[in-house]
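Structure assessment
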Amino acid sequence: MEKELQVYIDGVYYPKSQAKLSVYDHGLLYGDGVFEGIRAYNGMVFKLKEHIDRLYRSAHAITLPIPLTKEAMTEAVLETLRKNKLKDAYIRLVVTRGVGDLGLDPRKCPKPSVIIITDTIVLHDSNAKETGITTLISWVRRNPVDTTTHEIKSLNYLNSVLAKIEANANGADEAICLDKNGFISEGVGENLFIVKDGKLFTPPSSTGALAGITAQVVIKLAAELGYTVEEANITPFQLFTADEAFLTGTAAEIVPIREVNKRQIGNGRAGPVTKKLMAAFKKAIEDPSQGTRI
Ligand code: PXG
């Protein structure tokens, strides 16, 4: 039998089938915690420093003291990958508030828990990169920036889950969320870009979108290719009539959007700018200077 994947929980490695937390953990009871999704390609963890930095920013925002230094956390991620002999992987880092009582007061949780899962992830079928995906603008609005905002990568993803359920029920591959004013915010776990007249546009974080690390990479690659990228409010009309549109995320990478609420986008396939960015992204993930060696 294949050896089971090992999961890190608070400094101890458990086989996947036995990797468990207490039902009194406030991560489960209240969604009180933060996480990161990271990828390793060919023995390199892509943008590991950026993901670790964002994890600590999210934790800071919810006053969650992570019981490891950033250096120790980085080493624990690399060690978990080594233990599992993984060179290409999806890494899920989770920090929960820890075990408390049945009241939501975090002061009752003396010890946050750190979990590192290294596994694989498949979001879209393999030809989605060429043919693009269908999307649905959901009735579920992105959380406003003053509450459980997605600027914090917290364990509160019900908003995204409900949007995804709606997309599933309507036969669309992905959901797109609007902000409370009706501007495009992002996908359920991806940032969104449009291309119009040779320029790129992406919604600002004031729409409640996460500051995506993949989006940051794409913005830099676009600039290197000579395109301007502007953060701007995007209306559904501007999305419907874009020349090209695509989603970016650690799990999704770059995925062209071919349809929004049954309106074809551009030529209904991966557009030329999207294709150039996808090619540049493929190079970036193989570039040793962009990651941390396992
Ligand atoms: N918006 C939200 C709300 C996210 O959760 C992104 C944008 C893209 O950010 P990055 O930094 O990854 O480019 C995310 C990331 C999953 C999964 O398990 C979700 C994400 C990343 C990886 C896996 O569905 N979300």
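Rules used in this analysis
Residues numbered from 1 in each chain as written. Predicted model: local features only at pLDDT ≥ 70, side-chain atom pairs only at ≥ 80, totals over all residues. Heavy atoms only, no water. Pairing = 2+ DSSP bridges. Helix = DSSP H or I, 4+ residues; strand = E, 2+ residues; numbered from the N terminus. Axes fitted to C-alpha atoms, helices over the stretch in contact; angles between N-to-C directions. Phe/Tyr/Trp six-rings, centres within 6.5 Å; stacked < 30°, edge-to-face > 60°. Buried < 20%, exposed > 50% of the residue type's maximum accessible area, 1.4 Å probe, protein only. Lys NZ or Arg CZ within 6 Å of the ring centre and 35° of its normal. Domains from an automatic or database assignment. Contact = heavy atoms within 4.5 Å. Buried area = accessible area lost by both parts, 1.4 Å probe. Polar contact = N/O pair within 3.5 Å; in protein donor to acceptor, adjacent residues only side chain to side chain. Nonpolar A, V, L, I, M, F, W, Y, C, P; charged D, E, K, R; others polar. Right-handed = clockwise from strand over helix to strand, strands pointing away.

Side note on the sheet that holds strand E6 (residues 113-119)
With antiparallel pairing, the seven strands of this open sheet are ordered in space as E2-E1-E6-E5-E3-E4-E16. If you trace the sheet from one side to the other, it starts and ends with strand E2 (12-15) and strand E16 (291-293), each paired once. Looking at each pair of strands side by side, their axes are set apart by 25° on average, direction ignored. Across two bridges, strand E1 (residues 6-9) lies against E6 in antiparallel orientation. Across the sheet, residue Tyr8 finds its bridge partner in E6, namely Ile116.

Focus on the packing of aromatic side chains
A complete count under the given rule lists five aromatic pairs for this structure. Ring centres of Tyr8 and Tyr13 lie 5.6 Å apart, and the angle between their planes is 75°; this geometry places the pair in the edge-to-face category. The exposure class assigned to Tyr8 is buried, which follows from its relative accessible area of 8%. Given a relative accessible area of 21%, Tyr13 falls into the partly exposed group. Ring pairing ties together the aromatic residues Tyr41, Phe46 and Phe281, which thus form one cluster. One cation-aromatic arrangement involves Lys83 over Tyr13; the distance from NZ or CZ to the ring centre is 4.7 Å. The aromatic ring of Phe240 is capped on one face by Arg263, whose charged end is 4.3 Å from the ring centroid.

Describing the pairing of strand E9 (residues 184-187)
By the bridge criterion, three bridges tie strand E8 (residues 174-178) to E9 in an arrangement that is antiparallel. Directly across from Cys177, in E9, lies its bridge partner Glu186. Where E8 hands over to E9, the hairpin turn is made up of five residues, of which Gly182 adopts a positive phi near 95°.

Examining the domain arrangement of the protein chain
Per the domain assignment, the segments making up the protein chain are domain 1 (6-119) and domain 2 (128-285). Contacts between the two partners involve 22 residues from domain 1, matched on the other side by 17 residues from domain 2. Together domain 1 and domain 2 conceal approximately 1600 Å² of surface at their shared face, both sides included; 67% is due to carbon and sulfur atoms. Our count for the domain 1 to domain 2 interface comes out at nine residue pairs in polar contact (both at pLDDT 80 or more). Looking at the side of domain 1 that touches domain 2, the elements with two or more residues in it are helix H1 (26-30), strand E3 (33-41), helix H2 (48-61) and strand E5 (89-96). Here the side of domain 1 that touches domain 2 is built from residues that sort into nine nonpolar, seven polar and six charged.

Comments concerning the pairing of strand E7 (residues 133-137)
Where burial is concerned, most of E7 is hidden: five out of the five residues are buried. Residue alternation in E7 divides its side chains into two sets, Ile133, Thr135 and Ile137 and Thr134 and Leu136, and both sets are buried. As paired strands, E7 and strand E14 (residues 253-260) are joined by three bridges and run parallel to one another. Considered in E14, the bridge of Thr134 is made with Glu259. Both E7 and E8 contribute to a ladder of three bridges, which runs parallel. In the sheet register, Thr135 faces E8, and the bridge partner there is Glu174. Traced from E7 through helix H5 (residues 158-169) to E8, the parallel crossover comes out right-handed.

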